[in-house]
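Residue-level listing of the chains:
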Amino acid sequence: MTSSNTKNTKEKPSTSDTSLTTKKKTDGQFNRRDFLKLGGLTGAGIFLAISFADAKIISQAAAIEEGTFEPNAFLKISSNGRITIYGKNPEIGQGIKTSFAQIIAEELEVDWKQVEVEQGHLDNRFGGQFAGGSTGIKTNFDALRRAGAGAKEMLIEAAARQWRVSLDKCYAKDGFVYHTGTDRKLSYAELAVPASKLNVRENPALKDRKDYKIIGQAIRGVDNKKIATGTAEFGLDARPKGMVVAVIERCPMFGGKVKSVDDSEALKIPGVEKVVVLEPTKMATQVVGGVAVIAKNTWTAMKGRKALKIEWDMTGVEVESDEKLKAQFTKNLGGKGDILRDDGNVDEAFASCAKVHEAVFEAPFLAHVAMEPMNYIADVKADSVEVWGPTQVPGAVRGAAMEITGLAANKIKVRMTRVGGGFGRRLMADYAWEAIALSKQIGKAVQVVWSREDDIQHDFYRPNGLYHIKAGLDANNKLVAWHCKGSTTSRRAFSGATSGTHETELFPDGFPAGFIPAFRMEYTPVVSKVPRGAWRAPGHNVTAWLDQTFIDELATLAGKDPIAFRLEVLGDEDKVMPYRDHGGPVYSTARLKNVIRQTAEKSNWDKPAPKGQYRGFAAHFMFGAYVAEVVTISMPTPTTVKLENVTAVVDCGLVINKSGALNQLEGGIIDGLNAALNSAIHIENGKVKETNFSEYKMLRMKDAPTLDVHLIDSPEPPEGLGEMTLPPVAAALCNAIFAATGKRVHSLPINLGSQQRIERL
């Protein structure tokens, strides 16, 4: 599980430890006077940092050792010719470390081969450092461009001054500045020192998109070779000197506490140093508590845990189960919920409908099962804290350290390793809380390591729920009425929210809302101690399945082609629709209709499917992007689905890295298919039934379909794409099953052998 890699113990010195930072303002900004003072101290390179709070580019050069400059934030050009770009956000496999560098390198006018990319650590001068919601490119694109363009302009000015020519006679290309009409040129390395003494460019000219040479290309990930050769540092690879390992036994029932523990047998195991009780915090999203075995290595700690004899205090613990939760959902759907949207008069509309159809959908809890189980390292000293490991929220980890130790933010160093999968699980910092609390308690650097069983049984799960949808067609088979009621174990409610509990559960502005004269949406949360959190494409991973499966059923009821029916509902007129959720504030029906039509064309929808094959369609808008998909299946037996092909068309605006984009989109499809076919967490007797992959099944490579993914060449700004293909694929699959069997799937995961899960339209 781990290696003896110790390279991380040889950290380069941080400029945050130098006297130069005494000139820094509290918000991490430098004014022009401070910059000029620093410029006078430089001697070997130019460093450009960026604040994403106000998107102002700041230039700083700090001499750390002879002949080079050590950056404290973003971009470094050294006089030895090295160009280093630092990734500000956690790299969780979404390719952000590569894409961010591409954006800067494009405006900087350097050859991509000249660039070295390294992971940055938590630093206020970066602004927000966060991975989630497919927001990385969208929120940082313009500021990153200005960082590269500002550096380029300073380098050009440095050359112009040296040659004593006007700026318009100079231009940058491939890491050099050239003098027009002559053979004179200077490398960025030669210009680094003089450029560092110039005034910063706050509003540099940006390149026209038609001139891009790096943005939009298919570029391999900057860590690919390290990953392939096993030298990339993930959290489990980190090994600070003197570190011990902790494995924690948590109560199998949610809400239980330690009553007593007999650790005598555990302490007899060679290498086990001590056993400590970890007290829970008031917030279940922080530390749930348990008994920690501290040992010299992971294997020994796990052996020690098995030897523990723990008596749990179950006072106030409710024995939850799938059946009890479903009974609450059912009761809520039979009553009145909070009205989220109410257009027209729904009751009157249904009374006049020529055809009415309704269905109940059921979605289970889901686990994240990231390839790298949860782990984190903390080294708490009297006057400082150093933490590192895989997280999507390094700022939240620093906040945890501040709360546990009482130390100020500047006393806490948060280092980021590469992350072996996030999917929303690592938006929670509970495992980091555990490491920090234990390190403070035992006075040593400690790495908390979760087993796969820990990971599955103590996750923050995708909420489960029940949904009832009813819709009506008029005499012309037009969709005129829609009523959706949902009841789920809201993740916002679990986090303590008392309002907006529907958020990420139902979306009042999502299609087909706004296109139906009478439309009502209601929601009621259910109280539960089962931990819930964000799961890839939060909320949309269920709502797209509901909406796109049910609208397919209405197309069948209307006797119309499923794609033609959707286009009919969207209407001939192109509209900009209000959208109050993440990805808004609006969405374009023109762009949505375009991906629908493109997918129909590329999948040959208008032609008969190959003999023995069946197709289903779905489309969705989320997080600013538009996706349409066709899933093609065959059925070797009446209860067996064979995935043949998935065709998808995606409009996510400007694409930074085509290779990374396709990787994310293809991964989302596979993830969505796996969830639809295999995945469910079941609650029995107050605890999770599943323990490992033997019970929580995953899609195998041999069962994966061929993938045919197309990116729209869009003139629009970049949007997110890491989660976009997942939501509609379950609906497209279920619609393909209907095409094959004439039966509708209303409960996930799909189980064609159970009539309880299949309904005939």
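Here the structure is shown first, and the text comes after it.
Per chain, residue numbering runs from 1 following the sequence as it is written. Two thresholds apply to this predicted model, a pLDDT of at least 70 for residue-level local features and 80 or more for giving and counting side-chain atom pairs, whereas whole-chain, interface and lining totals are computed over all residues. To get the side-chain values, all heavy atoms of the structure are used, and hydrogens and water are removed first.

(A) Structural context of the overall build of the protein. Under the DSSP-based scheme used, a helix requires at least four consecutive residues in state H or I and a strand at least two consecutive residues in state E, with every element numbered from the N terminus. Counting its regular elements, the protein contains 18 helices and 34 strands. Partly exposed describes any residue whose relative accessible area lies between the buried limit of under 20% and the exposed limit of over 50%, with all areas from a 1.4 Å probe on protein chains only and scaled to the type maximum. When burial is assessed residue by residue, the protein has 59% of its 761 residues classed as buried. The contact criterion used is simple: two residues touch if any of their non-hydrogen atoms lie within 4.5 Å. Taking the contacts inside the protein whose residues are at least 6 apart along the sequence as the reference set, 76% of them involve residues at least 24 apart. Note on areas: Shrake-Rupley, 1.4 Å probe, and residue coverage restricted to the protein chains presented here. Summed over all atoms, the accessible surface of the protein reaches about 30,900 Å², with 49% contributed by carbon and sulfur.

(B) Fine view of the environment of asparagine 657. By the secondary structure assignment, asparagine 657 is in the loop between strand E29 (640-651) and helix H17 (658-677). Taking relative accessible area as the criterion, asparagine 657 reaches 6% and is therefore assigned buried. Expressed as a C-alpha distance, the spacing of asparagine 657 and isoleucine 214, which sit 443 residues apart in the sequence, is 8.4 Å. For asparagine 657, the contacting residues outside a window of four places in its chain are Thr98, Ser99, Gln102, Gln217, Ala218 and Ile219. Side-chain polar atoms of asparagine 657 contact the side chain of glutamine 102, separated by 3.1 Å. As used in this structure description, the phrase polar contact means that two N or O atoms lie within 3.5 Å; if the pair is within protein, one of them must be able to donate a hydrogen and the other to accept it, and residues adjacent in sequence are counted only when both atoms belong to side chains.

(C) Just the packing of aromatic side chains, in detail. Pairs were defined over the aromatic rings of Phe, Tyr and Trp, the Trp ring being its six-membered one, requiring ring centres within 6.5 Å. Orientation was assigned from the angle between planes: stacked under 30 degrees, edge-to-face over 60, tilted for the rest. In the structure shown here, the tally under the stated rule is 15 aromatic pairs. Ring centres 5.3 Å apart and planes at 15 degrees place the aromatic pair tyrosine 171 and tyrosine 178 in the stacked group. Where phenylalanine 176 meets tyrosine 178, the ring centres are 6.2 Å apart and the plane angle is 50 degrees; that geometry is what we call tilted. The partly exposed category is assigned to tyrosine 178, whose relative accessible area is 22%. Put simply, the rings of Phe361, Trp482, Phe519, Trp545 and Phe550 pair up and form one aromatic cluster. Across the ring face of phenylalanine 176, the terminal group of lysine 185 is positioned such that the distance to the ring centre comes to 4.5 Å. Both a distance and an angle decide whether a charge sits over a ring: NZ of Lys or CZ of Arg must be within 6 Å of the ring centre and within 35 degrees of the ring normal. Note that arginine 425 overlies the ring of tryptophan 450, its terminal NZ or CZ placed 5.3 Å from the centroid.

(D) Inspection of the packing of helix H14 (residues 540-558) against helix H15 (residues 562-570) at higher detail. With their axes 9 Å apart at the nearest point, H14 and H15 run at an angle of 100 degrees to one another. It follows from the interaxial angle that H14 and H15 lie roughly perpendicular. Here H14 contributes Gln548, Ile551, Asp552, Leu554, Ala555 and Ala558 to the contact with H15, which in turn contributes Pro562, Phe565 and Arg566. In terms of residue class, the contact of H14 with H15 is built from 6 nonpolar, 1 polar and 2 charged. Under this scheme, a helix contributes an axis fitted over its contacting stretch, all axes are lines through C-alpha atoms, and angles between N-to-C directions fall in the 0 to 180 degree range. Roughly parallel refers to an angle under 35 degrees, roughly antiparallel to one over 145, roughly perpendicular to one between 65 and 115, and oblique to any angle outside these ranges. The classification used treats Ala, Val, Leu, Ile, Met, Phe, Trp, Tyr, Cys and Pro as nonpolar, Asp, Glu, Lys and Arg as charged, and all other residues, Gly among them, as polar.

(E) Seen up close, the packing of H17 against helix H18 (residues 726-741). Closest axis-to-axis distance for the H17/H18 pair is 8 Å, and the angle between their directions is 50 degrees. In terms of orientation, H17 lies oblique with respect to H18. As for the relative orientation of H17 and H18, their crossing is right-handed in sense. Across from Gly668, Ile669, Asp671, Gly672, Leu673, Ala676 and Leu677 in H17, the residues of H18 making contact are Leu726, Val729, Ala730 and Leu733. Broken down by class, the residue content of the contact of H17 with H18 amounts to 8 nonpolar, 2 polar and 1 charged. Should the near helix be turned counterclockwise from the far one by less than a right angle, the crossing is left-handed, whereas a clockwise turn marks it as right-handed.

(F) Just the sheet that holds E29, in detail. Across the sheet, 4 strands lie side by side as E27-E28-E29-E32; this open sheet has mixed pairing. In this open sheet, the two edge strands, each paired with only one partner strand, are strand E27 (613-622) and strand E32 (706-711). Adjacent strand axes in the sheet meet at a mean angle of 15 degrees, parallel and antiparallel pairs treated alike. Against the sheet, H17 contacts strand E28 (625-637), E29 and E32, and its axis sits at roughly 130 degrees relative to E32. Following DSSP output, two strands are said to pair if at least two bridges run between them.

(G) Examining helix H4 (residues 188-195) more closely. Within the sequence span of H4, burial applies to Tyr188, Ala189, Leu191, Ala192 and Ala195. For H4, the buried positions fall inside an angular range of 155 degrees around the axis, keeping them on one side. Arc, as used here, means the arc of the directions from the helix axis to the C-beta atoms.

(H) Structural context of the nonpolar core. By size, the foremost hydrophobic cluster in this structure holds 86 residues, and its most contacted members are Trp482, Trp545, Leu733 and Ile750. When neighbours within four sequence positions are excluded, isoleucine 750 is seen to be in contact with Ala676, Leu677, Leu733, Cys734, Ile737 and Val745. Grouped together as the second largest cluster of nonpolar side chains are 45 residues, Phe100, Val115, Phe126 and Ala159 included. Only buried residues count toward a nonpolar core, which is a set of Ala, Val, Leu, Ile, Met, Phe, Trp, Tyr and Cys residues joined through side-chain atoms within 4.5 Å.

(I) Spatial organisation of helix H8 (residues 322-333). How far a helix is expected to stretch is found by multiplying one less than its residue total by 1.5 Å. With 12 residues, H8 should reach 16 Å at 1.5 Å per residue; the first-to-last C-alpha distance of 16 Å fits that figure. Taken as a whole, H8 has its buried residues at Asp322, Leu325, Phe329 and Leu333. Looking straight down H8, one finds its buried side chains confined to an arc of 75 degrees; they lie on one side. Opposite the buried face of H8, at more than 90 degrees from it, the exposed residues are Glu323 and Lys331. Those residues of H8 that are buried lie in contact with strand E22 (465-473), strand E23 (479-488) and strand E30 (683-684).

(J) Representation of the side chain of lysine 485 in the model. Relative to the elements of secondary structure, lysine 485 occurs in strand E23. At a separation of 2.8 Å, a polar atom in the side chain of lysine 485 contacts the main-chain carbonyl oxygen of leucine 333. Looking at lysine 485, its side chain comes within polar contact range of the main-chain oxygen of glycine 335, at 2.4 Å. Excluding residues that lie within four positions of it along the chain, lysine 485 makes contacts with Asn332, Leu333, Gly334, Gly335, Leu466, Tyr467, His468 and Glu522.

(K) Spatial organisation of the sheet that holds strand E17 (residues 355-363). Strand order in the open sheet formed by 5 strands is E16-E24-E23-E22-E17, and the pairing between neighbours is mixed. Sheet topology places strand E16 (338-343) and E17 at the edges, where each strand pairs with a single neighbour. Neighbour-to-neighbour, the strand axes of this sheet turn through a mean angle of 10 degrees, independent of strand direction. As paired elements, E22 and E23 share 9 bridges and run antiparallel to each other. For isoleucine 469, the partnering residue across the bridge sits in E23 and is cysteine 484.

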